[in-house]
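A closer look at the structure
For reference, the chains in residue letters:
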Amino acid sequence: MADFAIAPSILSADFAKLGEEVDNVLASGCEIVHFDVMDNHYVPNLTIGPLVCDALRKHGVTAPIDVHLMVKPVDRIIPDFAQAGATYITFHPEASDHIDRSLQLIHNEGCKAGLVFNPATSLDYLNYVIDKVDMVLLMSVNPGFGGQSFIPTALDKLREARKIIDASGRDIRLEIDGGVKVDNICEIAEAGADTFVSGSGVFGGANDKDPNRYDTIVKQMKDELAKAKK
Ligand code: DX5
Ligand code: ZN
């Protein structure tokens, strides 16, 4: 299994000072920047695109940027995100007419590729493309909004995904997205996740006046992860 990584979703950051927000969560020990792209078509919300990813790179962010596409169609925007400095690009299989082709396109553009599974989407999509997947992202909420509650059936699905990944023998990250907080991150890790997206869990509730405001919450998450039995 890959080392644990916390991936704050910048969806819950203060967009008026996004560069500083990302610097602060990385300085607090987070490893990956989770970048939620919504198009008001595949999901009923509208967020950020390649220009913002490019701006973070120009600001000096060197950590992996994990671009979660909640857009339909998928392929048109992939080269733009690769150009903008994305590390991972993941998409929902329902949003692509040709899943294998989209995965190939991401690799051809020099990025790592992943598939995202909604709560009711079967993992069967992995059967024929696991050789082209570097990340499996399980949604533990329905996509479109931050701040929702973790759907508990995601735990069994994580166990199922962990078996599939281990049987493949490939180096594939297993990421969970939605409702991840200090109080459930340990059981999520025990179910097999190695990469933990948290938006409101990291960015919400911190004291705006404190320059080290994310240190406490990130440390609490890491302490919980250290307790997880593998
Ligand atoms: C939802 C997004 C998530 C979301 C997570 O569609 O993919 O990344 O921002 O937010 P929290 O951690 O608040 O559930
Ligand atoms: Zn996401």
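This text goes with the structure placed above it.
Notes on the structure follow. (Residues numbered from 1 in each chain as written. Chains lettered and ligands numbered in written order. Predicted model: local features only at pLDDT ≥ 70, side-chain atom pairs only at ≥ 80, totals over all residues. Heavy atoms only, no water.)

**As for the site of ligand 1**
With respect to spatial proximity, 20 residues lie near ligand 1, and among them D36, G147, D177, G199 and S200 are the closest. In this structure, D36 approaches ligand 1 through a side-chain N or O atom, which is 2.7 Å from an oxygen atom. Between G199 and ligand 1, the recorded distance is 2.7 Å, taken from a backbone N or O atom to an oxygen atom. Relative to its unbound accessible surface of 380 Å², ligand 1 loses 100% to contact with the protein. At the level of secondary structure, the elements contributing two or more residues to the shell around ligand 1 comprise β2 (33-38), β3 (65-70) and β8 (195-198). Considering every element that reaches the shell around ligand 1, the biggest residue donor is β2, with three residues. In terms of residue class, the shell around ligand 1 is built from seven nonpolar, 11 polar and two charged. (Near = heavy atom within 4 Å. Polar contact = N/O pair within 3.5 Å; in protein donor to acceptor, adjacent residues only side chain to side chain. Areas by Shrake-Rupley, 256 points an atom, 1.4 Å probe, with all protein chains shown as cover. Helix = DSSP H or I, 4+ residues; strand = E, 2+ residues; numbered from the N terminus. Nonpolar A, V, L, I, M, F, W, Y, C, P; charged D, E, K, R; others polar.)

**Digging into the coordination of the zinc ion (ligand 2)**
Taken together, H34 (NE2), D36 (OD), H68 (ND1) and D177 (OD) make up the full set of protein donors to the zinc ion (ligand 2), lying 2.0 to 2.3 Å away. Because the angles between the six donor atoms bound to the zinc ion (ligand 2) fall within 69 to 171°, the donor set is best described as octahedral. Look at where the donors of the zinc ion (ligand 2) fall in the sequence and you get H-x1-D-x31-H-x108-D. Here D177 lies in strand β7 (residues 173-177) and H34 lies in strand β2, a separation of 143 residues in the sequence. In this pair, the class of H34 matches that of D177, namely buried. (Donors = N, O, S within 2.8 Å, 3.2 Å for Na, K, Ca; no water. Tetrahedral: all angles 85-135°; square planar, octahedral: opposite > 155°, others 65-115°. Buried < 20%, exposed > 50% of the residue type's maximum accessible area, 1.4 Å probe, protein only.)

**Regarding the sheet that holds β3**
Reading across the sheet, the eight strands line up as β1-β8-β7-β6-β5-β4-β3-β2 and stay open at both edges, with parallel pairing between neighbours. With one partner strand each, in any of the chains shown, β1 (5-8) and β2 form the two edges of the open sheet. In this sheet, neighbouring strand axes are inclined to one another by 25° on average, regardless of whether the strands run parallel or antiparallel. Bridging between strand β4 (residues 88-91) and strand β5 (residues 112-117) involves four bridges; their strand directions are parallel. Counterpart to Y88 in the pairing with β5 is K112. Across the face of the sheet, helix α8 (residues 215-227) comes into contact with β1 and β8 while running at roughly 145° to β1. (Pairing = 2+ DSSP bridges. Axes fitted to C-alpha atoms, helices over the stretch in contact; angles between N-to-C directions. Contact = heavy atoms within 4.5 Å.)

**A few points about the state of the cysteines**
Throughout the structure, instances matching the rule amount to zero disulfides. Free cysteine C111: the closest other cysteine sulfur is in C53, separated by 8.8 Å. Take C111: its relative accessible area is 5%, and that puts it in the buried class. Sulfur of C186: no disulfide; nearest cysteine sulfur belongs to C30 and is 17 Å away. According to the relative accessible area criterion, C186 is buried, its value standing at 14%. (Disulfide = S-S within 2.5 Å.)

**Here we look at the packing of aromatic side chains**
All chains considered together, the criterion is met by three aromatic pairs. Ring centres 5.6 Å apart and planes at 70° place the aromatic pair F4 and F196 in the edge-to-face group. In this pair, F4 sits in the segment before β1 while F196 sits in strand β8, placing the two residues 192 residues apart along the sequence. Here the aromatic rings of F203 and Y214 are separated by 5.3 Å at their centres, their planes lie at 75°, and the arrangement is edge-to-face. (Phe/Tyr/Trp six-rings, centres within 6.5 Å; stacked < 30°, edge-to-face > 60°.)

**Some words on the pairing of β5**
Most of β5 is tucked away, with five of its six residues classed as buried. Each parallel crossover has a hand, and the one from β4 via helix α4 (residues 99-108) to β5 is right-handed. Alignment of β5 against strand β6 (residues 135-139), held across four bridges, turns out to be parallel. Its bridge partner being in β6, V116 is matched across the sheet by L137. (Right-handed = clockwise from strand over helix to strand, strands pointing away.)

Scope: geometric values only; no functional claims are made or implied.
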